[in-house]
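# Residue-level structural notes
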Amino acid sequence: MSLRLWGRRIGRLGALGIVLALSAIVAWTFALSWRPSDKYEFQGVDVSEQQGAVDWWTVKAGGADFAYLRATYGADGRDLRFADNWAGTYAAGMRRGALHVYSLCRLAVDQANNFNTTVPRVGDALPPAVLIDFDDDCQSRPVRNVVLGEVRRFLAMIEAHSGKPALLKVSKRFESVYHVTGPIPRGVWAVQDFFPPDYAARPWRMWQASDMRRIDGVSGPVHWDVVAP
């Protein structure tokens, strides 16, 4: 094969590589800024201390109608930025709610006490939410009836404190093992990037549509959420 022919083939492969690389960059850029359509009237974020300080006025101006703020995790973990975020969202005129990250390794009573002593009871707050997923730091896998009983106990305690039914933010992998959304009649907050999820036993009330969105006012990626129309 002649050197000229080899050169042409290498040139074509190089051009194809450039096209593919540019396509990947465009797709990635689109993914970082993507949000669901305006048929979802209410859209917002959920954040934790991992995002650092948040400029809530800028976040609100960027289209966020509400914010869920991680407050606690397990029986003794407290988000270091919860108090600042709670005050900042209020000052910016945003609806805000508190989120607890549930642990299979700790008693529900202790986790609920952690949440209730951290989160103020205010009438204008959104319903409390609990994130239920597997955690690498907790290898415990109780039987289903134990999990259901403990989650119900946790919910009863935080709902007595907040005066509102809670949301269950349940991952697909947790739901596939424990099937909690059927026997626990609470609003479902489902999680799946870009495509509306259908893994829960009941229609979702809130959907975490992206875990990589970039918006002004927040350092790094943020969870973007929408309320069911």
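Not measured: the values here are computed from a predicted model. (Residues numbered from 1 in each chain as written. Predicted model: local features only at pLDDT ≥ 70, side-chain atom pairs only at ≥ 80, totals over all residues. Heavy atoms only, no water.)

### Comments concerning the overall build of the chain
Stated precisely, the cut-off is as follows: Helix and strand assignments come from DSSP, with helices taken as H or I runs of at least 4 residues and strands as E runs of at least 2, each series counted from the N terminus. The buried label applies to any residue whose accessible area, calculated with a 1.4 Å probe on protein chains only, is under 20% of its type's maximum; exposed applies above 50%, and partly exposed to all values in between. Here the open area of atoms and residues is found with the Shrake-Rupley method and a 1.4 Å probe, where only the protein chains shown may cover a residue.
Of regular secondary structure, the chain possesses six helices and nine strands. The buried share of the chain, taken over its 229 residues, is 44%. As displayed, the chain offers around 12,000 Å² of accessible surface, 58% of which is attributable to carbon and sulfur atoms.

### Some words on the packing of helix α4 (residues 108–118) against helix α5 (residues 144–162)
Condition: Axes here mean lines fitted to C-alpha atoms, for a helix over just the part in contact, with angles spanning 0 to 180 degrees between N-to-C directions. What sets the label is the angle itself: under 35 degrees gives roughly parallel, over 145 gives roughly antiparallel, 65 to 115 gives roughly perpendicular, and the rest give oblique. Crossing handedness is read from the near helix: turned anticlockwise from the far helix by less than a right angle, it gives a left-handed crossing, and turned clockwise, a right-handed one. Any two residues having at least one pair of non-hydrogen atoms within 4.5 Å are treated as being in contact.
Across the interface, α4 lies against α5 with an axial gap of 8 Å and an inter-helix angle of 25°. Taken together, the axes of α4 and α5 lie roughly parallel to each other. Relative to α5, α4 is oriented so that their crossing is right-handed. Where α4 abuts α5, its residues A108, V109, Q111, A112, N113, F115 and N116 lie against E150, R153, F154, M157, I158 and H161.

### Some remarks on the environment of K39
Mapped onto the elements of the fold, K39 is located in the loop between α1 (3–33) and β1 (43–47). In this structure K39 comes out as exposed when scored by relative accessible area, which is 55%. Along the sequence, K39 and V227 sit 188 residues apart, while their C-alpha atoms lie 10.0 Å from each other.

### Quick word on the side chain of S171
For the record, the criterion: Under the rule applied, a polar contact is a pair of N or O atoms within 3.5 Å (in protein, one hydrogen donor and one hydrogen acceptor; residues adjacent in sequence only if both atoms are side-chain atoms).
Relative to the assigned elements, S171 resides in the loop between β6 (167–170) and α6 (172–178). Classification of S171 as buried rests on a relative accessible area of 10%. Here the side chain of S171 touches F174 through a polar contact of 3.1 Å, landing on its backbone nitrogen. Excluding its chain neighbours within four sequence positions, the residues that come into contact with S171 are I132, D133 and Y199.

### What about the side chain of D225?
For the record, the criterion: Only four residue types enter the tally: Lys and Arg on the positive side, Asp and Glu on the negative side, with His and both chain ends excluded. One speaks of a salt bridge when a side-chain nitrogen belonging to Lys or Arg is within 4 Å of a carboxyl oxygen belonging to Asp or Glu.
With respect to the helices and strands, D225 occurs in strand β9 (residues 222–227). It is K169 that comes nearest to the buried, bridge-free D225 among opposite-charge side chains, at 4.7 Å. Within the structure, the side chain of D225 is placed 3.3 Å from the backbone nitrogen of D46, a separation counted as a polar contact. Not counting the four nearest positions on each side in its chain, D225 is found in contact with F42, Q43, G44, V45, D46, F66, W189, M206, W207 and Q208.

### Quick notes on the state of the cysteines
Keep this limit in mind: Any cysteine sulfur atom paired with another within 2.5 Å is treated as part of a disulfide.
This structure, assessed with the given rule, holds one disulfide. For C105, the disulfide goes to C138, at an S-S distance of 2.0 Å. Across the S-S bond linking C105 and C138, the dihedral sits near 95°, which makes this disulfide right-handed. Taken as a pair, C105 in the loop between β4 (95–101) and α4 and C138 in the loop between β5 (129–132) and α5 lie far apart in primary sequence, 33 residues in all. Residue classification places C105 among the partly exposed residues on the basis of a relative accessible area of 39%.

### Digging into the confidence of the model for the chain
This is how it is decided: Think of pLDDT as the predictor's per-residue confidence, scored from 0 to 100.
Per-residue confidence for the chain gives a mean pLDDT of 90, with 86% of residues at or over 70. In the predicted structure, residues 18–28 sits below a pLDDT of 50 and forms one contact with residues beyond four places in sequence or in another chain.

### Observations regarding the nonpolar core
Test applied: The term nonpolar core refers to a set of buried residues drawn from Ala, Val, Leu, Ile, Met, Phe, Trp, Tyr and Cys, joined through side-chain atoms within 4.5 Å.
Grouped together as the largest cluster of nonpolar side chains are 52 residues, with contacts concentrated most on V45, W56, V59, L155 and F174. Tallying contributions element by element places α5 first for this core, with six residues. Aside from chain neighbours lying at most four places away, what touches L155 is V130, A166, L168, I184 and R186. Of all hydrophobic cores here, the second largest spans eight residues; its members include F66, L126, L167 and M206.

### Structural notes on the environment of W204
The residue W204 is located in strand β8 (residues 204–213) in this model. Within the structure, W204 has its side chain in polar contact with the backbone oxygen of P197 (distance 3.5 Å).

### Remarks on the pattern of salt bridges
On inspection of all chains with the given rule, the structure shows nine salt bridges. Note that E159 and R186 form a salt bridge whose closest N and O atoms lie 2.6 Å from each other. Placement of the pair is E159 in helix α5 and R186 in the loop between α6 and β7 (187–191), with a sequence separation of 27 residues. Residue E159 is classed as buried on the basis of its relative accessible area of 15%. The structure contains a network of salt bridges with shared partners spanning E49, R70 and D79.

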